[in-house]
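# Breakdown of the fold
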Amino acid sequence: MNGSSALLEIKEVSLTFKNVAALSRVSCSVQKGSITSLIGPNGAGKTSMLNCISGRYTPTKGKISMDGRELSGVPAHKRTGFGLARTFQNIALFRGLSVLDNLMVGRHSRLNYGLLASIFYLGKARAEETRHRERVEDIIDFLNLSAYRHQIAGHLPYGVQKKVELGRALAAEPELLLLDEPMAGMNLEETEDMARSILDINEEWDVTVFLVEHDMGVVMDISDHVVVLDFGRVLASGTPEAIQNNPKVISAYLGDDDGLYKGR
Ligand SMILES: Nc1ncnc2c1ncn2[C@@H]1O[C@H](COP(=O)(O)OP(=O)(O)OP(=O)(O)O)[C@@H](O)[C@H]1O
């Protein structure tokens, strides 16, 4: 972990759907340079929280700010401009496009030319496209996706598609990456590969990560900080070690036969 100030600040956020309180006065923060994980049982409100941060949902109450700038009222598609990018619980790729083109789509927030410019200022647009393409190629190499560069995303194995989605989010060059269950449905080898990629993104590319994940082995191995949600409320937050030894967390979530998380 490289920094010590909060990049993302969540203050007293509540979210209600008709008569369901998905989030109740949730406060927590994500320190710059950290990998922070949000864990909790099914239905605890984790995805709802990510959706509030990314702008998909509007909190009923409370404030979310990034680097001191409040996100309320900023539409989801403008939040990339604040340095935010995310992946989804269910893969959301352009299945008919190649890996390279999916990453180029992820880069659209950084393109300075539109369709007209690409028609009338072909040379300029082409030069910019070359620059973006080089950046995308760097990401493809970084994530070891080179062998799949020109393959159609929808035809790739599940674990590779999840990495392509990660690459697409990374293509926006975010300061904060929101990852919703990146290891879901993966085998052990794919899980370890994904965990390594997340660590590398954090350490080598200096990207802060806010992770929702059910795989406790991964969460405890790679996180600097863990926030536990239960029934839409913060049950505990602290270092992985403190969380594993927190009696409230053990009884609500992590408990096994002798009540302790044993690692992988
Ligand atoms: N769009 C929605 N409309 C109505 N209720 C919703 C909606 N999204 C979430 N909820 C409800 O909010 C609560 C929290 O759901 P959420 O998906 O955020 O939990 P979660 O912790 O991400 O669960 P999981 O681990 O199963 O993905 C649940 O009771 C869920 O049914």
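Coordinates for the structure precede this section.
This report concerns the structure included in the present document. (Residues numbered from 1 in each chain as written. Predicted model: local features only at pLDDT ≥ 70, side-chain atom pairs only at ≥ 80, totals over all residues. Heavy atoms only, no water.)

Within the protein chain, the regular secondary structure consists of nine helices and ten strands. Looking at the protein chain alone, contacts between residues at least 24 apart form 68% of all its contacts between residues at least 6 apart. Accessible surface for the protein chain amounts to roughly 12,900 Å². Of this, 50% is attributable to carbon and sulfur atoms. (Helix = DSSP H or I, 4+ residues; strand = E, 2+ residues; numbered from the N terminus. Contact = heavy atoms within 4.5 Å. Areas by Shrake-Rupley, 256 points an atom, 1.4 Å probe, with all protein chains shown as cover.)

So, about the site of the ligand. Around the ligand, the surrounding shell holds 15 residues, and the nearest of these are Gly43, Lys46, Thr47, Ser48 and His214. Here Ala44 contributes a backbone N or O atom positioned 3.1 Å from an oxygen atom of the ligand. Separating an oxygen atom of the ligand from a backbone N or O atom of Gly45 is a distance of 2.9 Å. The protein chains hide 64% of the 630 Å² of surface that the ligand would expose on its own. Among the elements of the structure, β2 (20-31) and α1 (46-54) are those that each provide at least two residues to the shell around the ligand. It is α1 that contributes the most residues to the shell around the ligand, three residues altogether. For the shell around the ligand, a count of residues per class yields six nonpolar, seven polar and two charged. (Near = heavy atom within 4 Å. Polar contact = N/O pair within 3.5 Å; in protein donor to acceptor, adjacent residues only side chain to side chain. Nonpolar A, V, L, I, M, F, W, Y, C, P; charged D, E, K, R; others polar.)

The subject of this paragraph is the pattern of salt bridges. This model, assessed by the stated rule, comprises twelve salt bridges. For Arg86, the salt bridge identified is with Asp180, shortest N-O distance 3.8 Å. In this pair, Arg86 sits in strand β6 (residues 84-86) while Asp180 sits in strand β7 (residues 176-180), placing the two residues 94 residues apart along the sequence. As far as the burial class goes, Arg86 and Asp180 line up, both buried. For Arg107, the salt bridge goes to Glu173, with nearest N and O atoms at 3.0 Å. Here Arg107 is found in the loop between α2 (99-106) and α3 (115-120), whereas its partner Glu173 is found in the loop between α5 (158-171) and β7, with 66 residues between them in sequence. (Salt bridge = Lys/Arg side-chain N within 4 Å of Asp/Glu carboxyl O. Buried < 20%, exposed > 50% of the residue type's maximum accessible area, 1.4 Å probe, protein only.)

Attention now goes to the sheet that holds strand β9 (residues 225-230). Reading across from one edge, β6-β7-β8-β3-β9-β10 is the order of the six strands in this open sheet, with mixed pairing throughout. The sheet is open, and its two borders are formed by β6 and β10 (233-238), each paired with just one other strand. Averaged over all pairs of adjacent strands, the angle between strand axes in this sheet comes to 20 degrees, irrespective of strand direction. In this structure, strand β3 (residues 35-39) lies alongside β9, joined through four bridges in parallel fashion. Bridge pairing in β9 places Leu38 opposite Val227. With respect to the sheet, α1 is in contact with β3, β6, β7, β8 (208-212) and β9, its orientation differing from that of β7 by roughly 150 degrees. Strands β3, β7 and β8 of the sheet are contacted by helix α6 (residues 188-204), whose axis makes an angle of about 150 degrees with β8. (Pairing = 2+ DSSP bridges. Axes fitted to C-alpha atoms, helices over the stretch in contact; angles between N-to-C directions.)

A word on the packing of aromatic side chains. Applying the stated criterion to the full structure yields two aromatic pairs. With a centroid separation of 5.2 Å and 80 degrees between ring planes, the pair formed by Phe17 and Tyr57 is classed as edge-to-face. Remark: Tyr57 occurs in the loop between α1 and β4 (61-66) and Phe17 occurs in strand β1 (residues 6-17); sequence separation between them is 40 residues. Above the face of the Phe82 ring, Arg69 is positioned so that its terminal group lies 4.1 Å from the ring centre. (Phe/Tyr/Trp six-rings, centres within 6.5 Å; stacked < 30°, edge-to-face > 60°. Lys NZ or Arg CZ within 6 Å of the ring centre and 35° of its normal.)

Turning next to the pairing of β3. Of all five residues in β3, five are buried, a share of seventy percent or more. Of the two faces of β3, the one carrying Ile35, Ser37 and Ile39 and the one carrying Thr36 and Leu38 are both buried. Relative to β8, β3 is paired through four bridges, and the arrangement is parallel. From the neighbouring strand, Leu38 faces β8, where its bridge partner is Val212.

A separate point is the environment of Ala184. Looking at where Ala184 falls in the secondary structure, it is placed in the loop between β7 and α6. In this structure, Ala184 is in contact with Tyr158, Lys162 and Glu213, ignoring residues within four places of it in sequence.

Phi is positive for Asp67, which is not a glycine, with a value near 55 degrees. Inspection of the secondary structure puts Asp67 in the loop between β4 and β5 (69-70). Of note in this structure, Asp206 is not a glycine but carries a positive phi near 60 degrees. Of note, Asp206 is situated in the loop between α6 and β8.

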